[in-house]
Amino acid sequence: MSPAELKRAAAARAVGLVEDGMRLGLGTGSTATLFVELLGERVRAGLSVVGVPTSEATRRAAEAAGIPLTTLDDTPELDLTVDGADEIDPELRLIKGGGGALLREKIVAAASRRMVVIVDGAKRVETLGRFPLPIEVVPFGLGATTRAVAAAIRSAGAAGPLALRRGPDGAPFLTDGGHLILDAGLGRIPDPEALARALVAVPGVVEHGLFIGLATGAVVAEAADGQPRIVTLGAA
Ligand SMILES: O=C[C@H](O)[C@H](O)[C@H](O)COP(=O)(O)O
């Protein structure tokens with residue numbers, strides 16, 4: 001089975017969690033986009049929901065799918081956010097931000113009573129860190145902030161190179177908020193909570209891709225005999 005088929009299977013299961021009248025957080029990335037497309041089919045069939053997109057890309061996808069949108073200003077409390085992830089560990093801790101949407105994703109997840117993560121089985125790890133950890137920083141003072149981020153990483157018992165993320169044209173990648181991203185290739189993160197605390201204490205760091213205590217459940221699609229097998233973690 002291809003990763004795309006597994007992602008679609010996870011997204012399809014999560015669409016079944018949506019109930020009429022729900023206020024939804026709409027995640028970002030290839031898996032979350034499949035969820036948005038499938039949700040759009042239900043909306044066109046009569047389901048009534050409103051969604052808060054976590055990126056401009058998701059806003060466009062949701063508009064194309066016909067999903068009514070709102071903002072956290074008008075709708076500050078959400079019932080359910082469905083989003084993808086780059087990694088998930090057994091404690092439902094995540095690495096997110098591979099697509100650069102971590103800041104809005106974390107704000108939306110924190111405003112939601114439930115956050116359900118949809119992933120293919122390859123995203124499951126025992127220890128977070130194989131996927132480079134995205135760290136969103138303001139452009140001002142980049143050199144000093146990078147040094148401080150490196151020290152914060154060491155203080156949390158981790159190590160690895162920091163790379164400024166670049167777009168396909170080679171120019172620094174800019175988030176929807178106009179910030180830069182440092183990708184930390186750590187291999188393993190022995191103490192995610194300690195690293196999260198250390199990173200938020202660095203002036204210039206806007207947010208990081210460790211999502212701890214936010215996911216309430218996960219829908220994982222694994223390949224079994226050529227068919228997707230859904231495994232749920234937590235409350236999903
Ligand atoms: O910034 C992007 C998000 O955190 C995505 O949810 C994450 O990168 C997973 O994306 P995908 O479903 O494309 O693997």
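Residues numbered from 1 in each chain as written. Predicted model: local features only at pLDDT ≥ 70, side-chain atom pairs only at ≥ 80, totals over all residues. Heavy atoms only, no water.

### Here we look at empty space enclosed by the protein
In step 1: What the rule picks out here adds up to one cavity of 30 Å³ or more.
In step 2: Considered as a void within the structure, the largest cavity measures approximately 50 Å³ in volume.
In step 3: The wall of the largest cavity is formed by Thr54, Gly100, Ala101, Leu103, Arg104, Glu136, Thr175, Asp176 and Gly177.
In step 4: Grouping the amino acids of the lining of the largest cavity by side-chain chemistry returns two nonpolar, four polar and three charged.
In step 5: Both of domain 1 (3-124 + 212-223) and domain 2 (133-203) provide at least three residues apiece to the lining of the largest cavity. (1 Å grid on protein atoms, 1.4 Å probe; cavity = no way out; pocket = protein on both sides within 12 Å on 5 of 7 lines; lining within 4 Å. Points joined across faces, edges and corners; volume = space filled by probe spheres on them. Nonpolar A, V, L, I, M, F, W, Y, C, P; charged D, E, K, R; others polar. Domains from an automatic or database assignment.)

### Comments concerning the UniProt feature "active site" (unreviewed entry) in the chain
In step 1: UniProt marks Glu105 with the feature "active site" (unreviewed entry), using the numbering shown here.
In step 2: Its place among the elements puts glutamate 105 in helix H4 (residues 102-110).
In step 3: Here glutamate 105 falls in the buried class, since its relative accessible area comes to 3%. (UniProt positions renumbered as here; feature names shortened; annotations may be inferred. Helix = DSSP H or I, 4+ residues; strand = E, 2+ residues; numbered from the N terminus. Buried < 20%, exposed > 50% of the residue type's maximum accessible area, 1.4 Å probe, protein only.)

### Examining the sheet that holds strand S4 (residues 87-88)
In step 1: Overall, antiparallel pairing links the three strands, which are arranged S4-S5-S11 in an open sheet. Only two strands of the sheet have a single neighbouring strand rather than two, namely S4 and strand S11 (210-211).
In step 2: Relative to strand S5 (residues 94-95), S4 runs antiparallel, the two being bridged by two bridges. Residue pairing across strands places isoleucine 88 opposite leucine 94, the latter belonging to S5. (Pairing = 2+ DSSP bridges.)

### Here we look at the packing of helix H2 (residues 30-44) against helix H3 (residues 56-65)
In step 1: At their nearest, the axes of H2 and H3 sit 8 Å apart, and the two run at 25° to each other. Regarding the angle of H2 to H3, the classification is roughly parallel. Taken as a pair, H2 and H3 cross one another with a handedness that is right-handed. Of H3, the residues touching H2 (which contributes Thr33, Val36, Gly40 and Arg44) are Thr58, Ala61, Ala62 and Ala65.
In step 2: For the contact of H2 with H3, a count of residues per class yields four nonpolar, three polar and one charged. (Axes fitted to C-alpha atoms, helices over the stretch in contact; angles between N-to-C directions. Parallel < 35°, antiparallel > 145°, perpendicular 65-115°, else oblique. Left-handed = near helix turned anticlockwise from the far one by under 90°. Contact = heavy atoms within 4.5 Å.)

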